[in-house]
Structures are given as structure tokens and as C-alpha cells.
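What the coordinates show
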Amino acid sequence: QEGFQEVKATFRSALDRMKEYPDFKFTASSSILYEWVEQSDPAMFEEIRKRVAEGRWEIAGGWVIEPDCNLPCGESFVRQGLYGQRYFRREFGTTAKTGFNVDSFGHNGTLPQILRKSGLENYVFLRPMPAEKELPGRIFRWQSHDGSEVLAYRIPYAYCTWGRELHSNLDRIGEDMREEAGEMMFFYGVGNHGGGPTRQNIESIRERNEKEESTELIFSTTQEFFDQIRGDGKDYPVVRDDLQHHASGCYSVHSGIKRWNRKSENKLITAEKFSSIAGVVKKRPYPGNFERAWKRVLFCQFHDILAGTSLISAYEDTGKMYGEAMSIAEENLNYAVQ
């Protein structure tokens, strides 16, 4: 319930800032967040549509949610892209180009293949931090063993800022820019319980541009950034590896949520297979509620939930959601087998 309200408040704030600052741009991922707004505040949803159409609101991620990127099975990652991109295409006439998992605790090495086949050509992440995994640079070509690759960017320092932190983080990124002599993305805005970019954030950026001559700050999107660096002719290094490790303990804590997740995945995959067979052999109509079940599972794979780092109340909610998904799977499986 709190997350639902945070999304509405953050999106409302971003839309208001767009009215006040004509050059301001905003990026947001996760189709489920847009669905919440669509169903609860249609007027706001139409505002977002207009901003997307004019290029000031960027749809990123292309997935239902920003999940844990190690524990789900491969089919779950594929469904994240299937349902997320399908929703964005239907509601906005476009799909995301940048994979966006800024807070996930690690990223398995098969993801570039799944990302590319989902229409995503770029990837943005924060963790593991430089002290946890050394990489050849902030920008690199992340490649799966099959040769699929995305152009990846590790966010410097943090994916959000409070107003008072903006200048100190910009000082640090300025030093990095002078060392790398190129362009960098800087993420800002109030995260963790919502808010997004504030007037103080935006005014600080404008003030800094007036005082700082060695760097120029512009409001932009991830796609504009990646298009720019692709055109610079630089040959970025290749990384063929998992992006690990961060918070390793999260892969053993709260074994219950991990067990529910795997049971739900296995039951849904099995039920879909037998439902397909029943459709061919007995001409039985394919059940229409598999997508609802899958989206319950995909939502519960949110990185803080599946990793076991959420509040107890979150697991009371997600236990019911996994239960619904397994109930749908078992009922459809029984009909198909019968």
C-alpha cells in the first residue's frame, strides 16, 4: 500500500516539475508502476502519455519490476520482458531500450542474451560497487557466452540524492570526468519512499552550471546518453562475467520466500506445458489467467522482497500473492491433465 502511494506521489511530483522547468526530463522503469497509476488515476496517466510522446518522460527497464537478478529462473526473466515491453507498446506505442536494475544485488551473466531478445540494448546498474568487483571502466560491453551483448554503465556512487548531497556527489563525479575525459550519467532525486527530483535538486544543477566552467550538466535520458557514447567511436572493453557480489547473505536469508518463488515458477511452467498439450490434443481453450499468475510472481521477485531484505509485513502480502499464483497453476494443470 505504501509503495503504491509512493509511486503516485513521485510521478505527480515529476509531472509538476516538468511544468515548472521546460528542460527537465524524467526516467522511470517497471510496467507495474504505470499500471497502478493507469487504474487509480487515469488523468495522471494521460499526462504521462503526453510527456512520453514529447520525449521528456523516458520509459526504461522494459520489465514488470526491478527484480533480484540472480534467484529467478530464466523463464521468469523472459516473462519480465514479455509482459513489461508488451504493456509499454500497447499503452505508449513504444518499448524501452535500456535495461534498468539500479539497486539489484548482483546480475547473472546470462542476462545480456535475455535483454537483447527483449529489445533492450543498454543496461544500467549500481551494484556491485567498485570495491566489490573491479571492472575495466564505468562503461563496458557486457557479453553473454552466446555473444549477445549490451552496452552497460555502472552508476557512480548512488542512484539518488537528497538536496544536500547533490553538490558533494557532483564534485566526485567531476573528478572522474576529468580522469576519463568523457561523458557520464549522474542520477539524482529523492529515492527510498519516493519523491523523485526536487526543486532544490534542479535549482542546484542550474546554479552549478552558472559557476562551473569545466563541465556542463544537462537534463537528459539514458537513451540519449547511450546514443551519444555509441557515436563517439570509442571501443569499450568487453566483460564476459557475472556482475557479483553484493550482499551475499541475501541468498540464504528468509528461505521461505525463495521456496515459494521456485514452487510458483515450476508450477506455472508445468501447467502451461500441459495446457498447451490439452489445446492441441483436446482442443481445450488456453486459460486466460496465466498472465495474472505470472505477474504476481514477477512482482514478488522485486529485489528487496525476494532477497529477504523487506519488512515482515511484505512477506505477509507476498505469501498471499504466491499462493494465488500457485492456485491458478494447480487448477489449470488439473483441468489440462483431466
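Heads up: these notes are all about the structure in this document. (Residues numbered from 1 in each chain as written. Predicted model: local features only at pLDDT ≥ 70, side-chain atom pairs only at ≥ 80, totals over all residues. Heavy atoms only, no water.)

Time to look at the environment of A247. Tracing the chain through its elements places A247 in the loop between β7 (238–239) and α9 (255–282). The partly exposed category is assigned to A247, whose relative accessible area is 36%. When the C-alpha atoms of A247 and E54 are compared, they prove to be 39 Å apart, with 193 residues separating the residues in sequence. (Helix = DSSP H or I, 4+ residues; strand = E, 2+ residues; numbered from the N terminus. Buried < 20%, exposed > 50% of the residue type's maximum accessible area, 1.4 Å probe, protein only.)

Turning our eyes to something else, we now look at unusual backbone geometry. Cis geometry is found at the peptide bond from R127 to P128, where omega equals 5°. Along the chain, P128 falls in the loop between β4 (122–125) and β5 (139–143). Across the junction of Q244 and H245, the peptide omega takes the value 0°, indicating a cis bond. Within the secondary structure, H245 is located in the loop between β7 and α9. With a phi close to 55°, K283 is a non-glycine residue in the positive phi region. Relative accessible area serves as the criterion here: at 64%, K283 is assigned to the exposed category.

All right, on to the pairing of β4 then. Of the two faces of β4, the one lined by N122 and V124 and the one lined by Y123 and F125 are each fully buried. The pairing of strand β3 (residues 98–101) with β4 spans four bridges and is classified as parallel. By the bridge assignment for β4, T98 is matched with N122. At this point the chain moves from β3, through helix α5 (residues 111–117), to the parallel β4, and the crossover so formed is right-handed. (Pairing = 2+ DSSP bridges. Right-handed = clockwise from strand over helix to strand, strands pointing away.)

Burial runs high along strand β6 (residues 149–154): five of the six residues are buried. Alignment of β4 against β6, held across four bridges, turns out to be parallel. Bridging from a neighbouring strand, Y123 pairs with A152 of β6. Sheet analysis places β5 next to β6, joined by five bridges and oriented antiparallel. Paired with R141 across the bridge in β6 is L151. The hairpin formed by β5 and β6 contains five residues between the paired strands, and G147 there has a positive phi angle of roughly 100°.

So, about the sheet that holds β4. Within a beta sheet, neighbouring strands are joined by backbone hydrogen bonds and run either parallel or antiparallel to one another. Pairing in this open sheet of five strands is mixed, and the strands run β3-β4-β6-β5-β7 from one edge to the other. Edge positions in the open sheet fall to β3 and β7, since each of these has one partner strand only.

Another point: the packing of aromatic side chains. How two aromatic rings sit relative to each other is given by the distance of their centres and the angle of their planes. On inspection of all chains with the given rule, the structure shows 22 aromatic pairs. Both rings, one in F4 and one in W36, keep their centres 5.1 Å apart while their planes meet at 10°; by these two values the pair is stacked. Linking F4 in helix α1 (residues 2–20) with W36 in helix α2 (residues 31–40), this pair joins segments that are 32 residues apart in sequence. W36 gets classed as buried once you look at its relative accessible area, which sits at 17%. A ring pair is formed by F11 and W57, whose centres lie 5.0 Å apart and whose planes are at 90°; its orientation type is edge-to-face. One end of the pair, F11, is in helix α1; the other, W57, is in strand β2 (residues 57–59), and 46 residues separate them in sequence. (Phe/Tyr/Trp six-rings, centres within 6.5 Å; stacked < 30°, edge-to-face > 60°.)

Glancing now at the pattern of salt bridges. Following the criterion strictly, the structure yields 26 salt bridges and no others. A salt bridge links E224 to K25; its shortest N-O distance comes to 2.7 Å. Here the residue E224 occupies a position in helix α8 (residues 222–230), and K25 occupies one in the loop between α1 and β1 (26–28), the gap between them amounting to 199 residues. Judged by its relative accessible area of 21%, K25 falls in the partly exposed class. In this structure, the salt-bridge partner of E265 is R262, at a minimum N-O distance of 2.6 Å. With a gap of three residues between them, E265 and R262 both fall in helix α9, about one helical turn apart. E265 gets classed as buried once you look at its relative accessible area, which sits at 0%. Using a relative accessible area of 35% as the deciding quantity, one classes R262 as partly exposed. Look at the salt bridges and you will find they share partners, linking R12, D16, K19 and E47 into a network. (Salt bridge = Lys/Arg side-chain N within 4 Å of Asp/Glu carboxyl O.)

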